[in-house]
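Secondary and tertiary structure notes
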Amino acid sequence: MNENLNSINSENANDVTNDINNDLSNVDDVDIGAMMVPESGMPTVGQKKEDILLDVKGLKTFFYTSNGTVRAVNDVDFYVRKGETLGLVGESGCGKSISSMSLARIVETPPGKFEGGEITLDGRCLMRINEDERFLISEKEMRSIRGNEISYIFQEPMTSLNPVFKISKQISEPMILHRGMSKKEAHKESIRLLELVKIPNPERIVNEYPFRLSGGMRQRVMIAMALACEPKLLIADEPTTALDVTVQAQVLDLMNELKERINTSIVFITHDLGVIAEMCDRVVVMYAGKVVESSPIEDLFSSPQHPYTQGLISSKPDLVTTEKRLNVIPGSVPDLTDLPPGCPFHPRCYKASERCKVEFPPSHRLTDEHLVSCWECKGEEIVSVSETTLEGGEPA
Amino acid sequence: MNDTALLEVKNLKKYFPIQAGIIRRTVGHVKAVDGLTFNIKRGKTMGLVGESGCGKSTTGRTLLRLLKATEGSVTFDGNDMLAMDRSKLRAFRTRMQIIFQDPYSSLNPRLPVSEIVGEAMMQHKMVKNKREMKERVNEIISKCGLFAEQALRYPHQFSGGQRQRICIARALAVNPEFIVCDEAVSALDVSIQSQIINLLKDLQDEMGLTYLFISHDLSVVKFISDDVGVMYVGHLVEYGSRDKIFANPIHPYTKALLSAAPSFDPAARGGKGRIVMEGDVPSPANPPSGCRFHTRCPHVEPICKETVPENRELEPGHFVMCHKAESL
Ligand SMILES: Nc1ncnc2c1ncn2[C@@H]1O[C@H](COP(=O)(O)OP(=O)(O)OP(=O)(O)O)[C@@H](O)[C@H]1O
Ligand SMILES: Nc1ncnc2c1ncn2[C@@H]1O[C@H](COP(=O)(O)OP(=O)(O)OP(=O)(O)O)[C@@H](O)[C@H]1O
Ligand code: SF4
Ligand SMILES: [Mg+2]
Ligand SMILES: [Mg+2]
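All of these numbers come straight from a predicted model, not from anything done at the bench. (Residues numbered from 1 in each chain as written. Chains lettered and ligands numbered in written order. Predicted model: local features only at pLDDT ≥ 70, side-chain atom pairs only at ≥ 80, totals over all residues.)

Another point: the overall build of chain B. Helix and strand counts for chain B stand at 11 helices and 12 strands. In terms of overall size, chain B behaves like a compact globule, its C-alpha atoms giving a radius of gyration of 21 Å where 328 residues would be expected to give roughly 20 Å. The C-alpha extent of chain B, read off along each of the three principal axes, is 65 × 55 × 50 Å. Scored against the burial criterion, the 328 residues of chain B give a buried share of 49%. A separation of at least 24 residues holds for 63% of the contacts in chain B among residues at least 6 apart in sequence. (Helix = DSSP H or I, 4+ residues; strand = E, 2+ residues; numbered from the N terminus. Rg over C-alpha atoms; globule rule 2.2 N^0.38 Å. Buried ≥ 20, exposed ≤ 12 C-beta atoms within 10 Å, placed from the backbone. Contact = placed C-beta atoms within 7 Å.)

Right, here's the structure in full:
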């Protein structure tokens, strides 16, 4: 009936404070964009420049806390082609979310700080930080990029859903702001989007508050919001952790449909290797703030090279496991404020040699697209662009 | 069979009112949990699976009286949970714990981890002083794969999976007998997930812990559970031993659910072998008549649309809510 009446307080038309992007009031706001716009970075090895949508080189994001410096993202390189799905995997706390949040520039700064790296999106430089230069495009431009070109699905929906506003308001506002829809149109579109992500009875749910939704329903509200702006780059951080397999399959299909229809590129963070196998073209494996292996999907499962990747693949319980205990990688992830010297994985590695304990392993190329950072993996050694130009070698 | 049941649930219902209009008149109900009956034996694990929004979390919360049940009974170790007064309930709180699905909103952002995990130990006088509390906290969080130094940090300074482990540590801190694990390992990578699952299993072997393990990850559920319940729109449509459910699922919904599990093998990409369920997921605010699955069931017959199927015990301990169970 007259359901709108009970929401007078929250539906004030001028109140647009709820834009997710506005929640990010604390972001790094160095605006020198008007002064100089550096040309885009060199494409990564062997790739045609035009094919690359996103190129990240030497990215470093640290947190300065009273207990020391957390090196959450510590010299990370990767790229994503147009229309490609890149998987990002790695042990909990290794820096997957902070890496991708750095791309969209939604890391709180301070305590966080971008300490290095170059990010290029579709030929446009979003960030270039090295010894002589600190360039970040303005927060205003970044906001428009987040509304139009990059969509972000957060790992924990409640970090970005506002508990005091109805779902309809939360989905509508970016559409009113970025796509110039009227309130009425946006409300209608919200219902359609909820339907798309298979939420039953969307006409009712759109008028609910987030706390009255189940975990998976909240996650799907986030997904609906992210798909709405038809982005060039979709960053999906554990988007299906709360979804059952059937709904998960439907949501994955929806993402693939976007990829096929408008050639969206996807950065897909998940610990679910089954989903990785089904969705991704290439995979980047992280450990303690570093990329340790990157490979096409087929190689990752058939011939994982890095000892950490090998441990990861063999830990997975599957529907045919009959063992009493699950495999684990012995030891635990290092504290990112106090990283061991050499290869960060060496204290847990079955292959570790003396060299691994003192020297950080550079990337070795096994095949054109299969790179691994490990002294014990054979292949041609490559010196990455970032190491030479940004810092002249790995700090001890 | 009931002699050793630690938890007995009979005909449990939880309805949420739907309110509308300026005076917030109740215009209907979300029948989130609608008549659940099951037991969990001491020292055993029951897995609970089902589509998103089917009522799993609501079941867990209602059992622990974090939500008020609409109808039914819950007996824990011989005590009527739903009739208990507040002071008795408080004493029971340490015996029954929950690991919430959403760590972010269940952790107090203003407290450091040491307080979050240690608070209840202090409150219930399980430790003598703050120093002892700190020691206990460090011991528990390191079992969960965190560092003692991290105990001084606040929840927002952790990653998603680290926050989830803080919740696990908090639940384990008070030496409970029964834990509702609501998607407790779903944000964890496989290695830490395995470490936590092994920890839960060890505690079960050593101290006889009992779990209700809610998860959509079928391989994990299969690994950890003794019994498995399958929910669909507020009903428990199939319930039985793990081996029965996985090797010989009977209910058409269970079959579809199992067939949709993503395969670990990139060769099986593209959803080969999935039973794709047609039709929309019904809403618990307006559930279908008769069998709630009839709108999507490939075996539907006229009776399915009219009569709610009984919960029948097809074999000892294997319950199915389907008119055609025998012929499937
Ligand atoms: N605000 C902060 N202050 C200090 N440290 C932080 C902060 N935010 C994150 N970290 C640390 O940075 C590291 C990387 O975090 P991130 O969220 O990227 O991990 P993740 O790989 O996404 O892990 P998960 O799989 O558990 O979500 C973690 O060790 C975390 O403790
Ligand atoms: N506080 C509430 N008020 C009203 N409705 C609610 C409330 N909590 C849950 N519901 C509704 O009850 C139904 C069941 O929710 P529940 O959280 O139990 O689902 P679930 O099985 O845990 O799903 P998921 O796998 O997505 O977490 C949903 O339709 C939800 O919208
Ligand atoms: S009762 Fe009928 S509709 Fe329901 S699952 Fe069985 S066959 Fe299908
Ligand atoms: Mg994360
Ligand atoms: Mg839930």
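With that out of the way, let us pick up the overall build of chain A. Summing up its helical and strand segments, chain A has 12 helices and 14 strands in all. Within chain A, buried positions represent 51% of all 396 residues. The long-range fraction of contacts in chain A, counting pairs at least 24 apart against all pairs at least 6 apart in sequence, stands at 65%.

On to the nonpolar core. Most often, soluble globular proteins have nonpolar side chains that are buried together. Residues and elements named next belong to chain A. Counting 195 residues, the largest nonpolar core has A224 and I235 as the members making the most contacts within it. For this core, the leading source of residues is helix α6 (residues 215-228), giving 9 residues. Excluding anything up to four places from it in sequence, A224 contacts I171, L193, L194, L196 and V197. (Core = buried A, V, L, I, M, F, W, Y, C linked by C-beta atoms within 7 Å.)

Residues and elements named next belong to chain B. Taken in spatial order, the 4 strands of this open sheet run β2-β1-β4-β5, and their pairing is antiparallel. Strand pairing shows two members of the sheet lacking a second neighbour, β2 (25-41) and β5 (79-80), which therefore form its edges. Across 5 bridges, strand β1 (residues 5-20) lies against strand β4 (residues 71-76) in antiparallel orientation. The residue of β4 that forms the bridge with K13 is E71. Relative to β2, helix α1 (residues 56-63) is tilted by about 75°, and along the sheet it contacts β1, β2 and β4. (Pairing = 2+ DSSP bridges. Axes fitted to C-alpha atoms, helices over the stretch in contact; angles between N-to-C directions.)

Close to ligand 2 lie 20 residues, the nearest being S214 and G216 of chain A together with A32, S57 and T58 of chain B. Two or more chains meet at ligand 2, and those chains are chains A and B. Of all elements in the fold, only α6 of chain A together with β2 and α1 of chain B reach the threshold of two or more residues within the shell around ligand 2. (Near = placed C-beta within 6 Å.)

What follows concerns the site of ligand 3. Lining the immediate surroundings of ligand 3 are 13 residues, of which C291, H294, C297, C304 and C322 of chain B lie closest. Taken together, the residues of the shell around ligand 3 break down into 8 nonpolar, 4 polar and 1 charged. (Nonpolar A, V, L, I, M, F, W, Y, C, P; charged D, E, K, R; others polar.)

A few words on the sheet that holds strand β12 (residues 318-320) of chain B. In a beta sheet, neighbouring strands are held together by backbone hydrogen bonds and run either parallel or antiparallel to one another. Residues and elements named next belong to chain B. With mixed pairing, 8 strands are arranged side by side in an open sheet as β6-β7-β8-β3-β9-β10-β12-β11. Edge strands, defined here as strands with exactly one partner in the open sheet, are β6 (96-99) and β11 (312-315). Here the strands of the sheet are splayed against their neighbours by 20° on average, with no regard to which way each runs. Here β6 pairs with strand β7 (residues 178-182) via 4 bridges, running parallel. Residue I98 lies in a different strand from β7, and its bridge partner there is V180.

The partner chain B presents 59 residues to the 57 residues of chain A that form the contact. Within the residue set of the side of chain A that touches chain B, elements represented by two or more residues are α6, α7 (245-262), α8 (273-279), α9 (297-302) and α10 (307-314) of chain A. Per element, the largest residue contribution to the side of chain A that touches chain B is 5 residues, and it comes from α8 of chain A. When the residues that make up the side of chain A that touches chain B are grouped by side-chain class, the tally is 21 nonpolar, 23 polar and 13 charged.

This brings us to the pairing of strand β8 (residues 210-214) of chain B. Residue and element names in this part refer to chain B. Among the 5 residues that make up β8, 5 are buried, leaving the element largely enclosed by the rest of the structure. What you see with β8 is no split at all: T210, L212 and I214 on one side and Y211 and F213 on the other are buried throughout. Note: strand β3 (residues 45-50) against β8, 4 bridges, orientation parallel. Bridge pairing in β8 links G47 to F213. The sheet contact formed by β7 and β8 spans 5 bridges and is parallel. Within β8, the position partnered with C181 by the bridge is F213. Traced from β7 through helix α7 (residues 190-207) to β8, the parallel crossover comes out right-handed. (Right-handed = clockwise from strand over helix to strand, strands pointing away.)

Moving on to the packing of helix α4 (residues 113-123) of chain B against helix α6 (residues 160-172) of chain B. All names here are of chain B. Taken N-terminus to C-terminus, the directions of α4 and α6 make an angle of 25°; their axes are 7 Å apart at the nearest point. With respect to α6, the element α4 is oriented roughly parallel. In this structure, α4 crosses over α6, and the sense of that crossing is right-handed. Residues V113, I116 and V117 of α4 touch α6, and the partners they reach there are I166, A169 and R170. For the contact of α4 with α6, the class distribution of residues is 5 nonpolar, no polar and 1 charged. (Parallel < 35°, antiparallel > 145°, perpendicular 65-115°, else oblique. Left-handed = near helix turned anticlockwise from the far one by under 90°.)

All names here are of chain A. Of all residues in chain A, 80% attain a pLDDT of 70 or more, and the chain-wide mean is 80. Looking over chain A, one finds the lowest element-wise mean pLDDT in helix α12 (residues 385-391), namely 37, and the highest in strand β9 (residues 265-269), namely 96. Contacts of residues 1-46 to residues separated by more than four positions or lying in other chains number 73 contacts, the stretch itself having pLDDT below 50. Predicted confidence is poor over residues 384-396, with pLDDT under 50, and the contacts of this stretch with residues over four places away or in other chains come to 16 contacts. (pLDDT = per-residue confidence, 0-100.)

This part takes up the environment of G317 of chain B. Residues and elements named next belong to chain B. By the element assignment, G317 lies in the loop between β11 and β12. Residue class for G317 comes out partly exposed when judged on the 13 C-beta atoms lying within 10 Å of it. Measuring from C-alpha to C-alpha, the distance between G317 and P298 comes to 26 Å, with 19 residues separating the pair along the chain.

We now examine the confidence of the model for chain B. Residues and elements named next belong to chain B. Looking at chain B as a whole, its pLDDT mean stands at 89, while 94% of the residues score no less than 70. Across chain B, β8 holds the top mean pLDDT of 97, while helix α3 (residues 103-106) sits lowest at 85. For residues 265-269, every residue scores under 50 in pLDDT, and the model assigns this stretch 7 contacts once sequence neighbours within four places are set aside. Of the two predicted TM-score estimates for the complex, the pTM is 0.85 and the ipTM is 0.85.

Our next topic: α4 of chain B. An α-helical segment advances 3.6 residues per turn. Residues three or four places apart therefore align on the same side. Residues and elements named next belong to chain B. For α4, the full list of buried residues reads V113, S114, I116, V117, G118 and M121. Here the buried face of α4 lies against α5 (130-143) and α6. Remark: K125 follows α4 within two positions and exhibits a positive phi of approximately 55°.

Attention now moves to the packing of helix α3 (residues 167-179) of chain A against helix α4 (residues 183-196) of chain A. Residue and element names in this part refer to chain A. The geometry of α3 relative to α4 is characterised by a closest axis approach of 8 Å and an angle of 120° between their N-to-C directions. In terms of orientation, α3 lies oblique with respect to α4. Seen from above, α3 lies across α4 with right-handed handedness. Counting all contacts with α3, which are made through S168, I171, S172, M175 and I176, the residues of α4 involved are K183, A186, H187, E189, S190 and L193. When grouped by side-chain class, the residues that make up the contact of α3 with α4 number 5 nonpolar, 4 polar and 2 charged.

Here T109 of chain A and P110 of chain A are connected by a cis peptide whose omega angle stands at -15°. Looking at the element boundaries, P110 of chain A is found in the loop between α1 (96-103) and β4 (112-121). Residue P111 of chain A follows P110 of chain A across a cis peptide bond; omega there is 5°. In this structure, P111 of chain A sits in the loop between α1 and β4. Within the chain, N11 of chain B stands out as a residue other than glycine whose phi angle is a positive 50°. Turning to its location among the elements, N11 of chain B is positioned in strand β1. The class for N11 of chain B is exposed, based on 12 C-beta atoms found within 10 Å. In this structure, V233 of chain B takes a positive phi of about 40° despite not being glycine. Locating V233 of chain B in the fold gives a position in the loop between β9 (227-232) and β10 (235-241).

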